[in-house]
Amino acid sequence: MKIVIPGGTGQVGTILDRALTAAGHDVLILTRWPVREREIHWDGETPGPWAEAVDGSDVVINLAGRSVSCRYTADNLRAMMDSRVNSTRVVGEAIHAAARPPRVWLQMSTATIYAHRHDAPNDEATGVLGGAEPGVPGYWAYSVEIARAWERAQEEAATPHTRKVALRSAMVMSPDRGGVFDILSRLARLGLGGPVAGGRQYVSWIHERDFVRAVEFLIDRDDIAGPVNLAAPVPLPQGAFMRELRAAWGVPVGLPATTWMAGLGAFALRSDTELLLKSRRVVPGRLSAAGFSFDHGQWPDAGRDLVRRWREERRHRRAAPPHGAGDRPRSVG
């Protein structure tokens, strides 16, 4: 298949590009900074020659959007909104204008669209969308509005010949450098991976290989459209999640952190405490109902697999010759 991935140079795009290319598909990446063969320039906002790649493609997987790994200032939140909505709108325009439109458009979304809650899991049918929870920072509602606007831009696109799926993804865990698993593992190895603000808030996650398998599943299943949760079936409270990660690394102790300490840590990492404190208790209702089975559905097993592969990758990197000058690092997001 010919697969086009707008915004495909971040962590998730790299995961998909690697897996889908290895599976024999013709993968093209739309990016602001093309370097390699198979990368095509676009600005994520306006039509251009890049739309020729969409015309005649089988699948479009739009991942474009400013990384959430930043301080949630007013400017950054607006950039998150604009980059997501504008890129989705222009992808929809390209699909609408195509003489041979793709049969499916997978659009990245986020599990952040659901409410901060501890009492029950959120699936697509009964889950509570966020934005009106009491006792949380006011700007969390804007994160939910970003997610809603992101999905709305895809819903409103006039693409009658293209099936549309919104991927409400949890955190994708992979051993890649700079990804969320790499960052959490660094904290665990330093003995800092304890419960944050009590550790009751839920962490939803998905192993990278299950993420890829779920994407392939959704491409093949012509009967599935609309929002789909991409998350492992067993989210954990943050304290338990980090305890299992420390066990995978063989680190017995993790220092706890209060809310204000989490704020200092997020500031040092140029990130935001919402990523640490919001309870994302998300489950894959539609995937499970459709018969999808997870290879890594439990975090202890997934954590051990990722630690093993992280170590193997670092050993391989130390043994490999230096990269050439033309290589570039991949950003998270």
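Scroll up for the structure.
Rules used throughout
Residues numbered from 1 in each chain as written. Predicted model: local features only at pLDDT ≥ 70, side-chain atom pairs only at ≥ 80, totals over all residues. Heavy atoms only, no water. Helix = DSSP H or I, 4+ residues; strand = E, 2+ residues; numbered from the N terminus. Rg over C-alpha atoms; globule rule 2.2 N^0.38 Å. Buried < 20%, exposed > 50% of the residue type's maximum accessible area, 1.4 Å probe, protein only. Contact = heavy atoms within 4.5 Å. Salt bridge = Lys/Arg side-chain N within 4 Å of Asp/Glu carboxyl O. Core = buried A, V, L, I, M, F, W, Y, C linked by side-chain atoms within 4.5 Å. Polar contact = N/O pair within 3.5 Å; in protein donor to acceptor, adjacent residues only side chain to side chain.

(A) Just the overall build of the chain, in detail. Across its full length, the chain carries 11 helices and 11 strands. Relative to the 2.2 N^0.38 estimate, which gives 20 Å for 333 residues, the radius of gyration of the chain is 19 Å and therefore close to what a compact globule would have. Along the three orthogonal principal directions, the C-alpha set of the chain runs to about 60 × 55 × 40 Å. Out of the 333 residues in the chain, the part that is buried amounts to 52%. Across the chain, the fraction of contacts at a sequence separation of at least 24, relative to all contacts at a separation of at least 6, is 78%.

(B) Structural detail: the pattern of salt bridges. The tally for this structure, following the rule as stated, stands at 23 salt bridges. We note a salt bridge from D176 to R18, for which the minimum N-O separation is 2.9 Å. Of this pair, D176 sits in the loop between strand 7 (171-173) and helix 5 (180-189) while R18 sits in helix 1 (residues 11-22), and the two are 158 residues apart along the sequence. Given a relative accessible area of 39%, R18 falls into the partly exposed group. Measuring nitrogen to oxygen at the nearest pair gives 2.7 Å for the salt bridge that ties R168 to E151. Here R168 is found in strand 6 (residues 163-169), whereas its partner E151 is found in helix 4 (residues 140-156), with 17 residues between them in sequence. Side by side, R168 and E151 carry an identical accessibility label, which is buried.

(C) Inspection of the nonpolar core at higher detail. With 33 residues, the main nonpolar core has L16, I61 and L230 as its most contacted residues. Listing elements by their share of this core, those giving two or more residues are strand 1 (2-6), helix 1, strand 2 (26-31), strand 4 (59-62), strand 5 (104-108), strand 6, helix 6 (208-220) and strand 10 (226-230). Tallying contributions element by element places helix 6 first for this core, with 7 residues. Ignoring any residue separated from it by four or fewer positions in sequence, one finds I61 in contact with I3, V4, I5, P6, L16, L20, L106 and V215. L184, L236, F241 and V251 belong to the second-largest nonpolar core, a separate cluster that totals 21 residues.

(D) Layout of the environment of E133. Within the element layout of this structure, E133 appears in the loop between strand 5 and helix 4. Residue classification places E133 among the buried positions, given a relative accessible area of 17%. For the pair E133 and D295, spaced 162 residues apart in the sequence, the C-alpha separation amounts to 34 Å. Sequence-distant contacts of E133, that is, excluding residues within four places in its chain, are made with Y114, A115, H116 and K278. Among the polar contacts made by the side chain of E133, one reaches the main-chain amide nitrogen of H116 at a distance of 2.7 Å.

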